[in-house]
Amino acid sequence: MAPSKEWLDLASLIGGFGSGIAGVGAVAAFWQLRLLKTQSVTSFEDGLVDEYRDIAKDLPLDALLGADMTAPQVADALPAFYRYFDLCNQQVFLHKQGRIRAETWVLWKDGIVSNLRRPAFALAWAEIAAKAAGDFDELRALCPPKAAAQKGAA
């Protein structure tokens, strides 16, 4: 016995409804994955901001404020400057890999460039870059050490 037209219409309606539900579920899953990715990137970036704050605690206040520092004062703070330049290099690298949001990178880049214009940072960067030849390639491309030192001296 063949199914009636009503049963076929009902089955077709239920099938269409089920397909619609599956489509809504797929869209919801997509949005959930997108939200998780955004949260993951935010968490990753926040971790780097926390690392910056931890390093900044060890940087001389005069350097952060843009005050002139003597070469011996800068030399005493070279370990903290080194950690800062290493973080900056990592940030540039992560940007180039697409792991940092564009709007975050604009802020970070402005901060890096601004700091490297400060006299003590420029002096420390020129000294560390000279001693660490072959390291900090990403940061060197963004802020060449000699240019940074000249801007800081100007």
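You'll find the structure just up there.
Described in the following lines is the structure provided in the data block. It should be emphasised that the depicted structure is a prediction, and the values quoted were computed from it without experimental measurement. (Residues numbered from 1 in each chain as written. Predicted model: local features only at pLDDT ≥ 70, side-chain atom pairs only at ≥ 80, totals over all residues. Heavy atoms only, no water.)

## Brief notes about the pattern of salt bridges
Within this structure, the stated rule accounts for four salt bridges. Taking the shortest distance from any N to any O, the salt bridge between Asp-54 and Lys-57 comes out at 3.2 Å. (Salt bridge = Lys/Arg side-chain N within 4 Å of Asp/Glu carboxyl O.)

## A few points about the packing of aromatic side chains
Summed over all chains, the structure comprises eight aromatic pairs. Taken together, a centroid distance of 5.1 Å and an interplanar angle of 50° make the contact between Phe-85 and Trp-125 tilted. Of this pair, Phe-85 sits in helix α4 (residues 78-96) while Trp-125 is found in helix α6 (residues 119-131), placing the two residues 40 residues apart along the sequence. With respect to burial, Phe-85 and Trp-125 carry one shared label: buried. Members of the aromatic cluster, each reached through a chain of ring pairs, are Tyr-52, Phe-81, Tyr-82, Tyr-84, Phe-85, Phe-121, Trp-125 and Phe-136. The ring of Phe-44 carries the charged tip of Arg-99 above its face, separated from the ring centre by 4.4 Å. (Phe/Tyr/Trp six-rings, centres within 6.5 Å; stacked < 30°, edge-to-face > 60°. Helix = DSSP H or I, 4+ residues; strand = E, 2+ residues; numbered from the N terminus. Buried < 20%, exposed > 50% of the residue type's maximum accessible area, 1.4 Å probe, protein only. Lys NZ or Arg CZ within 6 Å of the ring centre and 35° of its normal.)

## Observations regarding the environment of Ala-77
Here Ala-77 lies in the loop between α3 (71-76) and α4. For Ala-77, a relative accessible area of 9% gives the class buried. Taking the C-alpha atoms as reference points, Ala-77 and Ala-120, separated by 43 residues in sequence, lie 9.7 Å from one another.

## Here's the deal with the side chain of Glu-45
Looking at the secondary structure, you find Glu-45 in helix α1 (residues 5-56). Assessed through its relative accessible area of 3%, Glu-45 is described here as buried. What Glu-45 contacts, discounting residues up to four positions off in sequence, is Ile-100, Arg-101, Thr-104 and Trp-108. (Contact = heavy atoms within 4.5 Å.)

## What about the packing of α4 against α6?
Two packed helices can be described by the angle between their axes and the distance between those axes. Contact geometry for α4 and α6: axes closest at 10 Å, N-to-C directions at 80°. Here α4 lies roughly perpendicular to α6, going by the angle between them. Taken together, the residues of α6 that come into contact with α4 (itself represented by Leu-78, Phe-81, Tyr-82, Tyr-84 and Phe-85) are Ala-120, Phe-121, Ala-124, Trp-125, Glu-127, Ile-128 and Lys-131. Tallied by class, the residues present in the contact of α4 with α6 amount to ten nonpolar, no polar and two charged. (Axes fitted to C-alpha atoms, helices over the stretch in contact; angles between N-to-C directions. Parallel < 35°, antiparallel > 145°, perpendicular 65-115°, else oblique. Nonpolar A, V, L, I, M, F, W, Y, C, P; charged D, E, K, R; others polar.)

## As for the nonpolar core
Ranked by size, the top nonpolar core spans 32 residues in total, and within it Phe-81 and Phe-85 carry the most contacts. Contributing elements (two or more residues each) for this core: α1, α4, α5 (102-117) and α6. Residue contributions to this core peak at nine residues, all from α4. If we skip the residues at most four places from it in the chain, Phe-81 touches Leu-59, Pro-60, Ala-63, Val-74, Ala-120, Phe-121, Ala-124 and Ile-128. (Core = buried A, V, L, I, M, F, W, Y, C linked by side-chain atoms within 4.5 Å.)

It is worth stressing that arrangement in space is one thing and function is another; only the former is reported here.
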